[in-house]
Amino acid sequence: MTPFSFPALLPAAPELLLAGGALVLVLLGAIGGDRRGHVVNGVALAILIAALGLLFWLPGERSTIFNGSFLVDGFAVFFKILTLIGSIATLTMGLQFFKTEKFERYEFSILIVLATLGMLLMISANDLIALYLGLELQSLAAYVIAAIHRDNVRSTEAGLKYFVLGALSSGMLLYGASLIYGYTGTVRFEGIAQIATGTPSLGLVFGLVFVFAGLAFKVSAVPFHMWTPDVYEGAPTPVTAFFASAPKMAAMALFVRVAIDAFPNIQDSWQQIVTFIAIASMALGSFAAIGQRNIKRLMAYSSIGHIGFALVGLAAGTEEGVKGVLIYLAIYLAMTLGTFACIMAMRRKEGMVEDIAELSGLARTKPAMALCFLVLMFSLAGIPPLAGFYAKYYVFTAAIQAGLYWLAVIGVVTSVVGAFYYLRVVKIMYFDDPKGHFEPMAFELRTVLALSSIAIVLFGIYPLPLTEAAAAAARSLF
């Protein structure tokens with residue numbers, strides 16, 4: 001068997017399917033144009049679902065290909081499943097949204113497929129070169145998606161801001177990677193781990209800081225969060241939902257793998273960085289969201305805060321901490337998708353509305369939607385017995401076990417502060433007078449909302465499947 005025979009490439013089957021599928025989609029779009037957009041969209045959705053199915057078919061043992069630069073293990077499979085679920089859900093909701101808005105572009109689904117391909121490559125990256133290639137493939141597609149509504153000034157402005165700041169972060173990451181290579185003589189994570197021991201050199205620490213800065217930008221962690229509120233508000237709502245879900249999964253997976261795989265022996269050095277950005281993200285996400293009136297900007301600051309909570313688990317640097325990160329992100333994905341399904345349903349005859357005040361009296365006009373929204377808000381706030389409470393419990397417990405008591409205390413305090421703006425949304429829905437009726441909710445949005453709400457409630461009743469899967473995935477990383 002040659003190294004590049006089909007059986008040898010089996011671990012990369014989902015990525016190969018997405019790459020080949022993207023080429024087919026480009027051809028279909030070029031031939032048919034927007035007139036055949038529904039065909040392109042349908043095929044793109046089928047490709048993503050097929051890639052998700054391939055993940056369950058792959059062998060479970062750890063394997064590498066492409067001279068060790070591409071790695072598949074339980075950790076990678078777990079995050080790839082989350083990423084594909086996020087892409088499939090947002091593409092499904094987005095196609096219906098653009099149809100209602102009478103703005104259909106076949107390029108949207110192609111770019112989602114390409115961005116997803118980049119995210120899967122990020123998750124399986126086992127060296128600095130693969131890391132950068134996957135990151136840039138995802139980022140370049142994301143820049144275009146943010147500005148997909150060319151006739152909308154807010155959308156094009158969001159795309160431009162994302163591109164300029166994203167290019168800066170990519171440059172920082174690449175500079176950090178070059179420093180790490182210069183001081184270790186290797187780009188492979190295992191090789192870096194063998195050399196980066198004891199007291200690291202100043203150059204290696206600088207490289208580590210720059211790489212983590214680039215990764216912090218991708219997960220919207222403070223102080224590299226500045227693009228998030230403007231891009232979330234300006235981009236079309238399905239694009240915002242996509243940014244808040246799938247790319248967050250892939251970027252956090254990459255963050256965890258770089259820290260645990262490449263720098264396990266200098267944990268004290270990167271633990272300080274992760275702890276700082278976790279505290280800053282939790283604090284800013286909790287306090288800055290209080291004065292927001294736009295629901296999409298509110299979700300932007302909410303996502304910053306939740307990334308801070310997830311980073312608490314990484315700061316612990318233990319297997320239990322990584323397990324907490326996995327559980328947290330799985331639950332966060334469900335909460336985010338459900339919330340954006342509600343946001344996309346905020347439509348009246350004159351068009352979409354984004355002001356939180358427009359939810360007034362929703363419990364009387366749409367009681368089922370209001371109930372699901374209430375469950376989502378309570379879970380985001382971390383109120384027991386919903387899944388959001390247990391998500392924070394696992395990361396805070398890991399921090400306490402690692403001796404980071406003060407970090408857990410800060411997390412609890414900021415979580416209490418953040419509960420204010422989630423409960424404010426509930427108060428507006430249930431206690432304010434109705435402002436009018438929203439249009440009927442599309443079937444796709446109802447499906448995503450129902451599944452998300454059920455998953456959040458069900459985890460509190462029967463958490464075993466997710467906790468066991470997360471524990472197995474974390475174990476494969478160590």
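Scoring rules and cut-offs
- Residues numbered from 1 in each chain as written.
- Predicted model: local features only at pLDDT ≥ 70, side-chain atom pairs only at ≥ 80, totals over all residues.
- Heavy atoms only, no water.
- Helix = DSSP H or I, 4+ residues; strand = E, 2+ residues; numbered from the N terminus.
- Rg over C-alpha atoms; globule rule 2.2 N^0.38 Å.
- Buried < 20%, exposed > 50% of the residue type's maximum accessible area, 1.4 Å probe, protein only.
- Areas by Shrake-Rupley, 256 points an atom, 1.4 Å probe, with all protein chains shown as cover.
- Lys, Arg positive; Asp, Glu negative; His and termini not counted.
- Charge placed at Lys NZ, Arg CZ, Asp CG, Glu CD.
- Polar contact = N/O pair within 3.5 Å; in protein donor to acceptor, adjacent residues only side chain to side chain.
- Contact = heavy atoms within 4.5 Å.
- Patch = residues over 30% accessible without salt bridge, like charges linked within 9 Å, V, L, I, M, F, W, Y side chains within 5 Å.
- Salt bridge = Lys/Arg side-chain N within 4 Å of Asp/Glu carboxyl O.
- 1 Å grid on protein atoms, 1.4 Å probe; cavity = no way out; pocket = protein on both sides within 12 Å on 5 of 7 lines; lining within 4 Å.
- Points joined across faces, edges and corners; volume = space filled by probe spheres on them.
- Nonpolar A, V, L, I, M, F, W, Y, C, P; charged D, E, K, R; others polar.
- Axes fitted to C-alpha atoms, helices over the stretch in contact; angles between N-to-C directions.
- Parallel < 35°, antiparallel > 145°, perpendicular 65-115°, else oblique.
- UniProt positions renumbered as here; feature names shortened; annotations may be inferred.
- Phe/Tyr/Trp six-rings, centres within 6.5 Å; stacked < 30°, edge-to-face > 60°.
- Core = buried A, V, L, I, M, F, W, Y, C linked by side-chain atoms within 4.5 Å.

**Observations regarding the overall build of the protein**
If you tally the helices and strands in the protein, you get 20 helices and four strands. The C-alpha radius of gyration of the protein comes to 21 Å, within 12% of the 23 Å expected for a compact globule of 478 residues. With the principal axes as the frame, the protein shows a C-alpha extent of 65 × 60 × 40 Å. By residue count, 62% of the 478 residues in the protein fall in the buried class. Surface summary for the protein: the accessible area is close to 17,900 Å², and the carbon and sulfur share equals 68%. Between the averaged position of the 29 positive side-chain charges in the protein and that of its 27 negative side-chain charges there is a distance of 6 Å.

**Details of the side chain of serine 452**
In this fold, serine 452 is placed in helix α19 (residues 443–461). Separated by 2.8 Å, the side chain of serine 452 and the backbone oxygen of valine 448 make a polar contact. Sequence-distant contacts of serine 452, defined by excluding residues within four places in its chain, comprise Ala334, Leu337 and Gly338.

**Some thoughts on a nonpolar patch on the surface**
On the surface, Ile454, Val457, Leu458, Ile461, Tyr462 and Leu464 cluster together into a nonpolar patch covering about 600 Å² of accessible area. Here the nonpolar patch takes four residues from α19, the largest share from any one element. Turning to its location among the elements, leucine 464 is positioned in helix α20 (residues 464–477). Residue leucine 464 is classed as partly exposed on the basis of its relative accessible area of 40%.

**What about the environment of leucine 91?**
With respect to the secondary-structure elements, leucine 91 resides in helix α3 (residues 74–100). As for leucine 91 and asparagine 41, which are separated by 50 residues in sequence, their C-alpha atoms are 8.6 Å apart. Not counting residues within four places of it along the chain, the set of residues in contact with leucine 91 comprises Ala44, Leu45, Leu48, Phe108, Ser109 and Ile112.

**Some words on the layout of surface pockets**
Unoccupied space between atoms shows up once a probe the size of one water molecule is rolled over them. Its boundaries defined by the atoms lining it, the largest pocket holds a volume of some 900 Å³. When grouped by side-chain class, the residues that make up the lining of the largest pocket number 28 nonpolar, four polar and no charged.

**Description of the packing of helix α11 (residues 246–262) against helix α14 (residues 319–344)**
Following both chains from N to C, one finds α11 and α14 inclined at 175°, their axes separated by 11 Å at the closest point. Relative to α14, the element α11 is oriented roughly antiparallel. Where α11 abuts α14, its residues Met249, Met252, Val256 and Ile260 lie against Val322, Val325, Leu329, Tyr332 and Leu333. Split into classes, the residues belonging to the contact of α11 with α14 amount to nine nonpolar, no polar and no charged.

**Notes on the UniProt feature "domain: NADH:quinone oxidoreductase/Mrp antiporter transmembrane" (unreviewed entry) in the protein**
UniProt annotation of "domain: NADH:quinone oxidoreductase/Mrp antiporter transmembrane" (unreviewed entry) refers to residues 125–417 when read in the numbering used here. A distance of 37 Å separates the end C-alpha atoms of residues 125–417, which is 76% helix and 1% strand.

**Re the packing of aromatic side chains**
Per the counting criterion, the structure on display carries 18 aromatic pairs. Considering the side-chain rings of tyrosine 143 and tyrosine 162, the 5.1 Å spacing of their centres and the 90° angle between planes classify their relative orientation as edge-to-face. One end of the pair, tyrosine 143, is in helix α5 (residues 128–146); the other, tyrosine 162, is in helix α6 (residues 153–184), with 19 residues separating them in the sequence. A relative accessible area of 5% means that tyrosine 162 is categorised as buried. Seen in terms of ring centroids, tyrosine 162 and tryptophan 227 are 4.6 Å apart; in terms of plane orientation they differ by 10°. Their pairing is stacked.

**Details of unusual backbone geometry**
In this model, valine 222 is joined to proline 223 through a cis peptide bond whose omega is 10°. By secondary structure assignment, the location of proline 223 is in the loop between α8 (202–218) and α9 (228–234). For the bond running from proline 384 to proline 385, omega is 5°, close enough to zero to count as cis. With respect to the secondary-structure elements, proline 385 resides in the loop between α16 (367–381) and α17 (387–401).

**A closer look at the nonpolar core**
Membership of the largest hydrophobic core comes to 183 residues, with the highest contact counts inside it found for Phe263, Leu311 and Leu314. In this structure, phenylalanine 263 is in contact with Ile180, Ile192, Ala196, Leu204, Leu208, Val258 and Trp270, ignoring residues within four places of it in sequence.

**Considerations on the pattern of salt bridges**
According to the stated counting rule, one finds 15 salt bridges in the structure shown. For arginine 62, the salt bridge goes to aspartate 73, with nearest N and O atoms at 3.6 Å. On the criterion of sequence distance, the pair formed by arginine 62 in the loop between α2 (37–57) and β1 (63–65) and aspartate 73 in the loop between β2 (70–72) and α3 is long-range, its members being eleven residues apart. Judged by its relative accessible area of 1%, aspartate 73 is buried. The network of salt bridges with shared partners includes Arg62, Asp73, Glu190, Arg257 and Asp261.

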